[in-house]
Amino acid sequence: MDLTTATHALPPGFPADATLPAVVVELGRRFEAAGHELSLVGGPVRDLFLGRPSLDLDFTTDADPDASEAVGAGWADATWDVGRRFGTIGFRKAGWQLEVTTYRAEQYDPASRKPQVAFGDSLEDDLLRRDFTVNAMALRLPALELVDPFGGMRDLHAGVLRTPGTPEDSFSDDPLRMMRAARFASQLGFAVAPEVEEAMTAMAERITIISAERVREELVKLVCGAHPRAGLDLLVRTGLADHVLPELPALQLESDEHHRHKDVYAHSLTVLEQAMELEGEYAPSTPDPVLRLAALLHDVGKPATRRFEKGGAVTFRHHETVGAKLVRKRLRALKFDNDTIKAVARLVELHMRFYGYGDAGWTDSAVRRYAHDAGDLLPRLHALTRSDVTTRNRRKAERLAHAYDDLERRIAEIAEAEELAAVRPDLDGQQIMALLGIRPGPVVGRAYNHLLEWRLDEGPHEQAEAEAELRRWWAEQPEAQQD
């Protein structure tokens, strides 16, 4: 049997087109032959009913890690035990990743960030400790018997997130489950049961004992879900956002009858949704966390820069600069990697550059600078800027769209003529030093930057023209007077 593609039909009760990879049933038979229980558990079982693919397959068993490893010996293409102390042994077979975990009874010390793991002895007890009922279903192997002691199937059909036990006990054991509730609201489009939301609200502060890395992973999954507005609204309503992303609820600016302005929070969520629609055209991947985070956070500088003008106008001058600083600080606190931090902050910093591109358009110099400053982020900046138009005024929206169409066309034309994506001065550092007779140092950098600015202003030049401009610049420098 070719385990790479072979599948196994499921019994009545499952969707008619639902199948299991044959490798799942084969592993169940191996555990049964060794005298152990094995069940497919959690997300993969849920996804069978939702018609969603599960690339990683999770199992639970009464076998301890040593016994699980022995069952897979000689059968698996590869084995790893990085999760052994948590009871997990991993196998790779025919391209599938299979993780087998011993039944667990896990609790958190109220003041600890790390779980204290104890192995259990029954499938039902193991399911009780899971986060939500829709993830607390199992498929006994190889018999293919569905085990659903807490009504996961009922909640799955209703599109509701409930906990197997009380939500207070569940969130006390692992506060990250509150973030997971918001993440599943985003990924699956599910609502949370009233008692679950109440517990999240009452216990929101407990999220602070969870490491920034774990919070970040849940936040990224939430933002990259199919329905991020639902998950983000849940974080804000329950107060969890106050602890993990306080810049988001801060966008709910108060207004009064004299000072009317756009609801910045609602606007930001709409920009996020509109950016999602443009990912296929502009982003390197779908979903694209960099673009989505930039769309969500592009206006976080507005609360700090809001000013009330005479006549009732409200301004947010330089909110993009302030916002970029806030984004860097928040993403660092959440332990994002440097590349993501730089990219998101730069997009926030640049998102207002387009405004002011009037009917007359921009000079070639301004177009070059726009593309040069965005660099590799230019496609994402296109998506973000287009998404930032949420006005209900159709004429205004069409005018801005046409203006941005024109800007993109101009960038493409100049790029084709001048290799705009790789704009550099007409002379490099070695040529600058040779021409001026100077050694490496700050002066070379200043000369390079001057030639770059000149190149952006006027376009490419012949070498002789560049050399003449460099000599002209050098004659005005104090260092030249010292020679």
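It should be noted that the structure appears before, not after, this text.
Our subject in this report is the structure included herewith. Computed from a predicted structure; not experimentally measured. (Residues numbered from 1 in each chain as written. Predicted model: local features only at pLDDT ≥ 70, side-chain atom pairs only at ≥ 80, totals over all residues. Heavy atoms only, no water.)

1. Some remarks on the overall build of the chain
So, step 1. Secondary structure assignment for the chain yields 23 helices and 15 strands.
So, step 2. On the principal axes, the C-alpha backbone points of the chain span a range of 90 × 60 × 45 Å.
So, step 3. Burial statistics for the chain: of 483 residues in total, 51% are counted as buried.
So, step 4. For the chain, contacts bridging at least 24 residues in sequence account for 63% of all contacts bridging at least 6.
So, step 5. A distance of 4 Å separates the average location of the 59 positive side-chain charges in the chain from that of its 79 negative side-chain charges. (Helix = DSSP H or I, 4+ residues; strand = E, 2+ residues; numbered from the N terminus. Buried < 20%, exposed > 50% of the residue type's maximum accessible area, 1.4 Å probe, protein only. Contact = heavy atoms within 4.5 Å. Lys, Arg positive; Asp, Glu negative; His and termini not counted. Charge placed at Lys NZ, Arg CZ, Asp CG, Glu CD.)

2. Some words on helix α16 (residues 338-350)
So, step 1. For α16, which comprises 13 residues, the first-to-last C-alpha distance of 18 Å matches the rise-based estimate of 18 Å (1.5 Å per residue) to within 8%.
So, step 2. Among all positions in α16, only Thr340, Ile341, Ala343, Val344, Ala345, Leu347, Val348 and Leu350 are buried.
So, step 3. The secondary structure elements touched by the buried residues of α16 are α13 (289-297), α15 (319-333), α17 (364-374) and α18 (378-387).
So, step 4. The distance from a side-chain oxygen at the start of α16 to the backbone nitrogen of Asp339 is 3.2 Å, and the residue carrying that oxygen is Asp337. (Expected span 1.5 Å × (residues − 1). Polar contact = N/O pair within 3.5 Å; in protein donor to acceptor, adjacent residues only side chain to side chain.)

3. Side note on the environment of Val236
So, step 1. If you trace the backbone, Val236 turns up in helix α10 (residues 228-238).
So, step 2. Judged by relative accessible area, Val236 falls into the buried class, the value being 13%.
So, step 3. Separated by 230 residues in sequence, Val236 and Ala466 have C-alpha atoms that sit 56 Å apart.
So, step 4. Ignoring sequence-local partners within four residues, the contact set of Val236 consists of Ala241, Leu248, Pro249, Gln252 and Tyr265.

4. Some details on the sheet that holds strand β11 (residues 145-147)
So, step 1. Ordered in space as β5-β6-β7-β4-β3-β10-β11, the 7 strands form an open sheet in which the pairing is mixed. The open sheet terminates on both sides in strands that have one partner only, identified here as β5 (78-80) and β11. For this sheet, the mean angle separating the axes of adjacent strands, direction not counted, is 30 degrees.
So, step 2. Packed onto the sheet, helix α2 (residues 43-50) meets β3 (38-41), β4 (56-61), β10 (138-141) and β11 and runs at close to 60 degrees relative to β3. (Pairing = 2+ DSSP bridges. Axes fitted to C-alpha atoms, helices over the stretch in contact; angles between N-to-C directions.)

5. Quick word on the pairing of β4
So, step 1. Of the pairings in the sheet, the one linking β3 to β4 comprises 3 bridges and is antiparallel in character. Following the sheet pairing, Leu38 is matched in β4 by Thr61.
So, step 2. Sheet topology note: the β4/strand β7 (residues 96-102) ladder contains 6 bridges and is parallel. Its bridge partner being in β7, Asp56 is matched across the sheet by Gln97.

6. Looking at the packing of aromatic side chains
So, step 1. In this structure the tally under the stated criterion is 5 aromatic pairs.
So, step 2. The interplanar angle of 90 degrees and the centroid separation of 6.1 Å between the aromatic rings of Phe132 and Phe184 together place this pair among those described as edge-to-face. Highlighted residues: Phe132 in the loop between α4 (123-128) and β10 and Phe184 in helix α7 (residues 176-188), separated in sequence by 52 residues. Here Phe132 and Phe184 have matching classes, each one buried.
So, step 3. Grouped by ring-pair contacts, the aromatic residues Phe354, Tyr355 and Tyr404 constitute a single cluster.
So, step 4. Over the face of the ring belonging to Phe184 we find Arg183, whose NZ or CZ atom lies 4.7 Å from the ring centre.
So, step 5. For the cation-ring pair, Lys302 lies above Phe316, with the distance from its terminal atom to the ring centre recorded as 4.8 Å. (Phe/Tyr/Trp six-rings, centres within 6.5 Å; stacked < 30°, edge-to-face > 60°. Lys NZ or Arg CZ within 6 Å of the ring centre and 35° of its normal.)

7. What to know about the pattern of salt bridges
So, step 1. The full count for this structure, using the stated rule, is 34 salt bridges.
So, step 2. Between Glu408 and Arg386 there is a salt bridge, with the nearest N and O atoms lying 2.9 Å from each other. Of the two residues, Glu408 is situated in helix α19 (residues 394-418) and Arg386 in helix α18; the sequence distance between them amounts to 22 residues.
So, step 3. Classification of Arg386 as partly exposed rests on a relative accessible area of 22%. (Salt bridge = Lys/Arg side-chain N within 4 Å of Asp/Glu carboxyl O.)

8. Let's talk about helix α8 (residues 194-203)
So, step 1. Where α8 is concerned, the buried positions are Val196, Ala199, Met200 and Met203. Viewed along the axis of α8, the buried residues span an arc of 100 degrees, placing them on a single side of the element. With respect to the buried face of α8, the exposed residues turned more than 90 degrees away are Pro194, Glu198 and Ala202.
So, step 2. Buried residues belonging to α8 abut β12 (160-161), α6 (167-173), α7, β13 (191-192) and α10. (Arc of directions from axis to C-beta.)

9. Description of the packing of helix α12 (residues 264-282) against α18
So, step 1. Look at α12 against α18: their axes get within 8 Å of each other, and the N-to-C directions meet at 145 degrees. Judged by the twist between their axes, the crossing of α12 over α18 is right-handed. Residues Val271, Gln274, Ala275, Leu278 and Tyr282 of α12 pack against Pro379, Arg380, His382, Ala383, Leu384, Arg386 and Ser387 of α18.
So, step 2. Classifying every residue of the contact of α12 with α18 gives 7 nonpolar, 3 polar and 2 charged. (Left-handed = near helix turned anticlockwise from the far one by under 90°. Nonpolar A, V, L, I, M, F, W, Y, C, P; charged D, E, K, R; others polar.)

10. Regarding the side chain of His319
So, step 1. Within the element layout of this structure, His319 appears in helix α15.
So, step 2. Overall, the relative accessible area of 4% leaves His319 in the buried class.
So, step 3. In contact with His319, other than residues within four places in its own chain, are His298, Asp299, Gly301, Lys302, Thr305, His351 and Met352.

11. A short note on the environment of Phe354
So, step 1. For Phe354, the position within the fold is in the loop between α16 and α17.
So, step 2. Since its relative accessible area comes to 2%, Phe354 is described here as buried.
So, step 3. In this structure, the C-alpha to C-alpha distance between Phe354 and Val271, residues 83 residues apart in sequence, is 16 Å.
So, step 4. With near-sequence residues (within four places) excluded, Phe354 lies in contact with Trp362, Tyr370, Thr385, Leu400, Ala403, Tyr404 and Leu407.

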